[in-house]
Amino acid sequence: MMKRTSIKAVLANQETDYTTTVKGWVRTFRNNQFIALNDGSTVKPLQIVVDLNTFPEDLLKKITPGAAIGATGKIVPSAGRGQRVELVATEVVVYGEADPSTYPLQPKRHSLEFLRSISHLRIKTNTFGCIFRLRHNLAFAIHKYFHDNGFFYMHTPIITGSDAEGAGEMFRVSTLDPKTPPCTENGEVDWSKDFFGKQTNLTVSGQLEAELGAMGLDKVYTFGPTFRAENSNTSRHLAEFWMIEPEIAFADIHDDMDLAEGLLKYVIQYVLDHNIEDLEFLQNRLIQEEKSLPQNQRSEMALIEKLEFILAEPFERITYTEAFDILRNSKPNKKKRFKFPINEWGADLQSEHERYLVEKHFKKPVIITDYPAQIKAFYMYLNEDGKTVRGMDILFPQLGEIVGGSERETRMEVLHQRMAEFGIPPEELSWYLDIRKYGSCPHAGFGLGFERLVQFITGMSNIRDVIPLPRYPGYAEF
RNA sequence: GCCUCCUUAGCUCAGUUGGUUAGAGCGCCGGACUGUUAAUCCGUAGGUCCAAGGUUCAAGUCCUUGAGGGGGCGCCA
């Protein structure tokens, strides 16, 4: 058989009247004559024309939605209207049939909830093809941005012996027999007999390890899976998700914000340049979906317009105290529309407050800095006022927090005091404290939730639809 | 973990104040047609109304409990 060409390449080629082979999966077979073939390389299908008189009937019967086929023939200008070129088949091979009486994907709109129940098959649909092509290109763009800016990709451990990362509940990793674990004299499980000779967990963050990297390589980033055993049941949380955590030496919180804003804008521009067809498909999908909603609940901007809007202006940068004042004097607060009224400085901002700032007040991404120390992690640099820390959160419309970062605390005595306040014994993190002891310098970093980024860019409302096989409380199928 | 809504055919959904034999579109199956764009047209089949219990002469419809799902909240990325 001839060398295979991707459908993306065939559609991009301006030439016609050449013979080639394509292979992919049948989307529809109309009129016993026109196959819409998709091979995953692009959302656009290639139309394969078969002459029903030259192909045997039992072969044509096997060409059903979902079947894997190959077709060889001449690429010609299409005689129909819906496409520029089409392939007139001289040879068709059926690699894998898809029994139409049981194949669950019909050529019609399915609900995302139904597709989630068949996650092993949903990747075959247009919508999920677009999402996962975008997901790939976003991951690639992130690596490219860091690489081009002198960062080194650092692989931090997935199994960690530290239980003081302070970012959430952890999954235990153990090879002990759960029925008869070895016990100590006082009847507790003897973890020293476990595989690693101690209790171990799946990582909740690579940040502390990335800080080590930055103290030698200057600029590093992690990009790996992260696990949190929180019982979080929302459209923005997964038990297994991917996180990007850069760490930069000789940098303060302003450098950190510049880096985060630069990265986000770069990757958005990247997919606008490389995935416009996928974005157009998803944009159209959203428009169709919103047609059933009342006017006031529809998006103000279409998907691509929204992405371009993010690029257009600098993100708004305000302190927690400024945000607090805006919220306290806001209409919804005065009219008691907030479920959690704003009246006391120091309380954490709720989702409704973040959404007000981003969607109503500033109408663009907002970076909030200098949070009250008691609501943020121990490793954030304590300001001179003794009350606030140099943490920063980037808030996006619809999603809320997409980035959380900070300038790190470098003063040994302050760090010890903060760890004591959080109840973290210094011996747990002696290696972390060592980097303050030997050649310490100002440094900063942040964590970017990859799926939240994919969610924002694809416009998908549930995070479970932007990772191929999601894991969340009560669910680890496939 | 909390609040709230939902669960009827393979899928998406109707189903009136509780009242004969539970419907539609799409899909499937059979047929017709053959330059179609989720093709079109004709016809057939397809149901433990999520589960268990209760109220009632009578329950898809009302009540209780449970399971699964959606949305919101909290924790966060």
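Cut-offs and rules
- Residues numbered from 1 in each chain as written.
- Chains lettered and ligands numbered in written order.
- Predicted model: local features only at pLDDT ≥ 70, side-chain atom pairs only at ≥ 80, totals over all residues.
- Heavy atoms only, no water.
- Helix = DSSP H or I, 4+ residues; strand = E, 2+ residues; numbered from the N terminus.
- Polar contact = N/O pair within 3.5 Å; in protein donor to acceptor, adjacent residues only side chain to side chain.
- Contact = heavy atoms within 4.5 Å.
- Pairing = 2+ DSSP bridges.
- Phe/Tyr/Trp six-rings, centres within 6.5 Å; stacked < 30°, edge-to-face > 60°.
- Buried < 20%, exposed > 50% of the residue type's maximum accessible area, 1.4 Å probe, protein only.
- pLDDT = per-residue confidence, 0-100.

**Considerations on the side chain of Gln47**
Piece 1. Within the secondary structure layout, Gln47 lies in strand S3 (residues 46–49).
Piece 2. A polar atom in the side chain of Gln47 sits 3.1 Å from the side chain of Glu86.
Piece 3. What Gln47 contacts, discounting residues up to four positions off in sequence, is Arg30, Phe34, Ile35, Ser78, Gln83, Glu86 and Leu87.

**Considering the pairing of strand S5 (residues 85–96)**
Piece 1. With 3 bridges joining them, S3 and S5 adopt parallel strand pairing. Bridge pairing links Ile48 to Leu87 in S5.
Piece 2. Sheet analysis places strand S4 (residues 68–77) next to S5, joined by 10 bridges and oriented antiparallel. What sits directly across from Ile75, in S5, is Leu87.

**A word on the packing of aromatic side chains**
Piece 1. If you walk through the whole model with that rule in mind, you get 21 aromatic pairs.
Piece 2. Here the aromatic rings of Tyr153 and Tyr221 are separated by 5.1 Å at their centres, their planes lie at 15°, and the arrangement is stacked. Pair noted here: Tyr153 is in strand S6 (residues 152–153) and Tyr221 is in strand S10 (residues 219–227), with a separation of 68 residues, a long-range link.
Piece 3. Residue Tyr153 is classed as partly exposed on the basis of its relative accessible area of 34%.
Piece 4. Aromatic side chains Phe378 and Tyr432 sit 6.3 Å apart centroid to centroid with 75° between the ring planes, which places their arrangement in the edge-to-face category. Highlighted residues: Phe378 in the loop between strand S13 (366–372) and strand S14 (388–396) and Tyr432 in helix H14 (residues 430–437), separated in sequence by 54 residues. Neither Phe378 nor Tyr432 differs from the other in exposure class; each is buried.

**Details of the confidence of the model for chain A**
Piece 1. In this model, chain A carries a mean pLDDT of 93, and residues with pLDDT of at least 70 account for 99%.
Piece 2. Taken over the whole predicted complex, pTM reads 0.94, whereas the ipTM for its chain interfaces reads 0.92.

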